[in-house]
Amino acid sequence: MRVRSAELVELSHSIHAEPELAFSEHRSCAKTQALVAERGFRITAKPAGLDTAFRADYGSGPLVIGICAEYDALPEIGHACGHNIIAASAVGTALALAEVADELGLTVVLLGTPAEEAGGGKVLMLDAGVFDDIAATVMLHPGPIDIAAARSLALSEATISYTGRESHAAVAPYLGINAADAVTVAQVAVGLLRQQLAPGQMMHGIVTDGGQAANVIPAHAELRYTMRANNSESLRELESRMAGCFAAGAVATGCEHQVTETAPPYAELAPDAWLSSALRAEMVRVGRSPVAEDVEASFPLGSTDMGNVTQMMPGIHPIVGIESGGASIHQPAFAAAAVSASADTAVLEGSIMLARTVVALASDVAQRDRVLELQARRAS
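The rules we used
- Residues numbered from 1 in each chain as written.
- Predicted model: local features only at pLDDT ≥ 70, side-chain atom pairs only at ≥ 80, totals over all residues.
- Heavy atoms only, no water.
- Helix = DSSP H or I, 4+ residues; strand = E, 2+ residues; numbered from the N terminus.
- Rg over C-alpha atoms; globule rule 2.2 N^0.38 Å.
- Buried < 20%, exposed > 50% of the residue type's maximum accessible area, 1.4 Å probe, protein only.
- Contact = heavy atoms within 4.5 Å.
- Areas by Shrake-Rupley, 256 points an atom, 1.4 Å probe, with all protein chains shown as cover.
- Lys, Arg positive; Asp, Glu negative; His and termini not counted.
- Charge placed at Lys NZ, Arg CZ, Asp CG, Glu CD.
- Phe/Tyr/Trp six-rings, centres within 6.5 Å; stacked < 30°, edge-to-face > 60°.

Could you give an account of the overall build of the protein chain, naming the residues involved and the relevant values?
Secondary structure assignment for the protein chain yields 12 helices and 14 strands. Scaling as 2.2 N^0.38, a compact globule of 380 residues should have a C-alpha radius of gyration of about 21 Å, and the protein chain matches this with 23 Å. Considering only C-alpha atoms, the protein chain reaches an extent of 80 × 40 × 40 Å along its principal axes. Per-residue burial for the protein chain yields a buried fraction of 55% across its 380 residues. Summarising the internal contacts of the protein chain: among those between residues at least 6 apart in sequence, 79% fall at separations of at least 24. Of the roughly 15400 Å² of accessible surface on the protein chain, 53% is carried by carbon and sulfur atoms. Looking at charge distribution, the protein chain has the averaged site of its 24 positive side-chain charges lying 3 Å from that of its 43 negative ones.

Laid out in structure tokens, this is it:
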């Protein structure tokens, strides 16, 4: 298998240099598919009706393997989650597997999946059937340490809007209904709830609208909250309790309120045990030191829509460590580290590790049959 080192590093740096937000990754989407289009992959544009998604297929074997590329950035801090590394390593994996697709009976599918940070591109693509023929899916994510069987938290996001009535804050405050006060009551309720949270449950939010003038009682105010939990069942329980906090703001002030889901919920990662074990062996083979198996579950790294994919089919989302000077993802220093020499190494070694893991799957008759059978059951 060949990995086109210079071109993959160039791709990673190019995506990093022009960060684009969720559902607006037009340049990054085009860059990510360029090398595989040149190699002869069949490109399907805009799957699931998403302008910045794509599907690129190579080969015609019965074992269809998906490789997810992410390329959206974060507001203000760019690629502080290292999605440039994800995209470039996914391309490298796809190109390497194309070299052995016929020999191993593979169909290699590179999936350009937008809006992981906000919007759930993979969930939308799953719902639209883009993954229906795929037997197993792989990808990797950069981080401060190596984790073979990475875990994540289930997540949901909501906007909470309060509607009251304007009035002059000094002349006739008694004629107003203060939507900003509703936000305050809700935030206090959320703060008090934190004492009773179950392990793994957490919430974090911001005020996106708190009024426009100090001498006008605001008729509109808005919160945006993210809720997380160890699994989807625990997340639903948290959502129910948070709904009471949001309602409290409305009841206390006399406002109307509305809770709107802003993106599809993310399920927790469920890494396939066999694929994770094979990937771990590849990490060790290239000289990495992944976290011990018995402590992997204690390192849930945020949330990802890849969790929804792994709930549907065998899949992995390992963390590949880069040198970040103690910075973690979503920090400006991590964005700088995402184009460092160690980040470039992660692109190349990540491509090799993922590709060799897929080769191991395709070459193991029992495991190959297992994932094909699971895919056939999903299709029936």
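Don't stop here, the text continues.
How would you summarise the packing of aromatic side chains if you had to cite specific residues and measurements?
Scanning the entire structure with this criterion turns up 2 aromatic pairs. Look at Phe41 and Tyr58: their rings are 5.1 Å apart centre to centre, the planes differ by 35°, and that puts the pair in the tilted class. Pair noted here: Phe41 is in the loop between α2 (26-39) and β1 (42-45) and Tyr58 is in strand β2 (residues 54-58), with a separation of 17 residues, a long-range link. Tyr58 carries the same exposure label as Phe41, and that label is buried. Seen from their ring centres, Tyr225 and Phe246 are 5.7 Å apart, and the 50° between their planes marks the pair as tilted. Taken as a pair, Tyr225 in strand β11 (residues 220-229) and Phe246 in helix α7 (residues 232-253) lie far apart in primary sequence, 21 residues in all. The class of Phe246 is buried, set by a relative accessible area of 2%.

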